[in-house]
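Descriptive structure summary
Read off the chains here:
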Amino acid sequence: MKRRIAWALAALALLAACAAPAEPETGAEGALVYYLLPEEDAQGGDRIRASRERLDLPEGAGAEETARAVVKRLLAGSEDGSMLSPLPEGTELLGLEIRDRTAYVDLDGGLRELSGVELSLADYCLTLSLTALESVRAVMVTAQGRPVGQQPKQVFYERDVLLSDMGDVLQTVEVELYFLNSRGGLTAERRALSLYEGQTLAETLVAALLEGPESRELIRALPEGFAVNYVRVDSGVCYVSLPAASLAALPEGEELQRMILWSLAESLYSIDLIEEIRLLADGEELEFFGRVSVDTIAVRPKG
């Protein structure tokens, strides 16, 4: 069963709230590490929770050694197993340096598997965990040396990580999301999307498209494993950045590839201000989506 889009939209409002996650009682030993609660345990509240964890460092360990230990502890999940790492299993720390009290954290390609809400939660857990150290006031997170996802800025401070009270809907916008019907064609599902502060309509639309249809008569066109790094609209041009894993997840059949591409494009063109679409991978503009020319969806259809 697909996860409820309502939770995804509320979680995106992490950018806009005014309360920090609860910390453990003072007096406990160990470093503060911020994990995710399982969804069923969060019960609709904030998923980010702190735990004091032993790092087993030698006496006199330096700032960078301590920071690396914090990140590795976060990647492993809480010591008692009750809280989860926000990163995909197997994600590794490639490097960490602290310069001018900014921690530059470089992770392997596992970070690129995340997008939208999941990427934001990972950024936030890393930022809160590292800025809890006296030696760190800001955090920059990269994957194999390159930024990942659509972020309002690449350097995060503790004050940027604010959890939501699940309120403050800024506006509700009607869009059309295109899904596969029983005949193998595309059918529009009219949807009202709630936007919170810090969200854009384009990224919220793509998140809803990835979640799948509400109607039981329709099915998601985007295959399992398909994700989006970021969606950005600039002067009527919508830039959609795809991870390599999404392109690898495409089915081999050209017609199926075409339906996936059109599902994404037709849905985005339901936003009036979008006139053109550009697909990117690894920072380069794509000419083909699988075997299908991207030119087929590059410009809004007339009529």
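Let me begin by describing the structure that accompanies this report. Fair warning: this is a prediction, and the values are worked out from it, not measured in the lab.

Quick notes on the rules
Residues numbered from 1 in each chain as written. Predicted model: local features only at pLDDT ≥ 70, side-chain atom pairs only at ≥ 80, totals over all residues. Heavy atoms only, no water. Helix = DSSP H or I, 4+ residues; strand = E, 2+ residues; numbered from the N terminus. Buried < 20%, exposed > 50% of the residue type's maximum accessible area, 1.4 Å probe, protein only. Contact = heavy atoms within 4.5 Å. Phe/Tyr/Trp six-rings, centres within 6.5 Å; stacked < 30°, edge-to-face > 60°. Lys NZ or Arg CZ within 6 Å of the ring centre and 35° of its normal. Axes fitted to C-alpha atoms, helices over the stretch in contact; angles between N-to-C directions. Parallel < 35°, antiparallel > 145°, perpendicular 65-115°, else oblique. Left-handed = near helix turned anticlockwise from the far one by under 90°. Nonpolar A, V, L, I, M, F, W, Y, C, P; charged D, E, K, R; others polar. Expected span 1.5 Å × (residues − 1). Salt bridge = Lys/Arg side-chain N within 4 Å of Asp/Glu carboxyl O. Polar contact = N/O pair within 3.5 Å; in protein donor to acceptor, adjacent residues only side chain to side chain. Core = buried A, V, L, I, M, F, W, Y, C linked by side-chain atoms within 4.5 Å. Pairing = 2+ DSSP bridges.

The next subject is the overall build of the protein chain. Each helix and strand counted, the protein chain has 7 helices and 14 strands in total. Across the 303 residues in the protein chain, those meeting the buried criterion constitute 50%. Across the protein chain, the fraction of contacts at a sequence separation of at least 24, relative to all contacts at a separation of at least 6, is 63%.

As enumerated under the stated definition, the model contains 1 aromatic pair in all. The ring of Tyr-104 carries Arg-99 above its face, with NZ or CZ at 4.0 Å from the centroid.

What follows is about the packing of helix H5 (residues 201–211) against helix H7 (residues 254–268). With their axes 10 Å apart at the nearest point, H5 and H7 run at an angle of 140° to one another. Overall, the two elements H5 and H7 adopt an arrangement that is oblique. Here the hand of the crossing between H5 and H7 comes out right-handed. In this structure, H5 uses Ala-202, Leu-205, Val-206 and Leu-209 to contact H7, whose residues at the interface are Ser-263, Leu-264, Ser-267 and Leu-268. By residue class, the composition of the contact of H5 with H7 is 6 nonpolar, 2 polar and no charged.

Moving on, we get to helix H3 (residues 63–76). Along its 14 residues, H3 runs 20 Å from first to last C-alpha, staying within 8% of the 20 Å computed at 1.5 Å per residue. Where H3 is buried, its residues contact strand S1 (31–36), strand S2 (48–53), strand S3 (93–99), strand S4 (102–107) and helix H4 (116–131). Of the residues one or two after H3, Gly-77 is the one with positive phi, at around 90°.

Turning our attention to the pattern of salt bridges. The tally for this structure, following the rule as stated, stands at 13 salt bridges. Between Arg-258 and Glu-254 there is a salt bridge, with its nearest N and O atoms 2.9 Å apart. Here Glu-254 and Arg-258 lie together in helix H7, a separation of 4 residues that amounts to about one turn. On the basis of relative accessibility, which here comes to 36%, the residue Glu-254 falls in the partly exposed class.

Positionally, Arg-220 belongs in the loop between H5 and strand S9 (230–234). Looking at Arg-220, the relative accessible area reads 22%, which means it is partly exposed. Here the alpha-carbon distance between Arg-220 and Phe-179, two residues 41 residues apart in the chain, equals 5.3 Å. A polar atom in the side chain of Arg-220 sits 2.3 Å from the backbone oxygen of Leu-210. Separated by 2.8 Å, the side chain of Arg-220 and the backbone oxygen of Pro-223 make a polar contact.

It is worth spelling out the nonpolar core at this point. Judged by nonpolar contacts, the single largest core of 42 residues is most densely connected at Ile-48, Val-71, Leu-96, Val-105, Leu-107, Leu-111 and Leu-130. Residue assignment for this core shows that the elements contributing at least two residues are S1, S2, H3, S3, S4, H4 and strand S5 (138–143). With 9 residues, the top contributor of residues to this core is H4. Of all hydrophobic cores here, the second largest spans 38 residues; its members include Leu-195, Val-228, Leu-279 and Val-294.

This part takes up the pairing of S1. The buried count for S1 comes to 6 of 6 residues, which makes it a mostly enclosed element. Every second residue of S1 is oriented toward a common face, with Ala-31, Val-33 and Tyr-35 on one face and Leu-32, Tyr-34 and Leu-36 on the other, all of them buried. In terms of strand pairing, S1 meets S2 through 6 bridges, oriented antiparallel. In the strand pairing of S2, Ala-31 is matched with Glu-53.

Read across the sheet, 4 strands follow the order S9-S10-S11-S12 without closing on themselves; strand pairing throughout is mixed. The open sheet has two edge strands with one neighbour each: S9 and strand S12 (284–285). Bridge analysis of strand S11 (residues 276–281) against S12 gives 2 bridges, and the strand direction is antiparallel. Paired with Ala-281 across the bridge in S12 is Glu-284. The sheet contacts of H7 involve strand S10 (237–241) and S11, and relative to S11 the element is tilted by about 135°.

Given a rise of 1.5 Å per residue, 15 residues ought to cover 21 Å, and the 21 Å separating the end C-alpha atoms of H7 matches this to within 8%. Of all the residues in H7, the buried ones are Gln-257, Arg-258, Met-259, Ile-260, Leu-261, Ser-263, Leu-264, Ala-265, Ser-267 and Leu-268.

Bridge analysis of S9 against S10 gives 5 bridges, and the strand direction is antiparallel. Bridge assignment links Val-233 to a residue of S10, and that residue is Cys-238. Hairpin geometry of S9 and S10 is characterised by an intervening segment of 2 residues between the two adjacent antiparallel strands and by a positive phi of about 55° at Ser-235.

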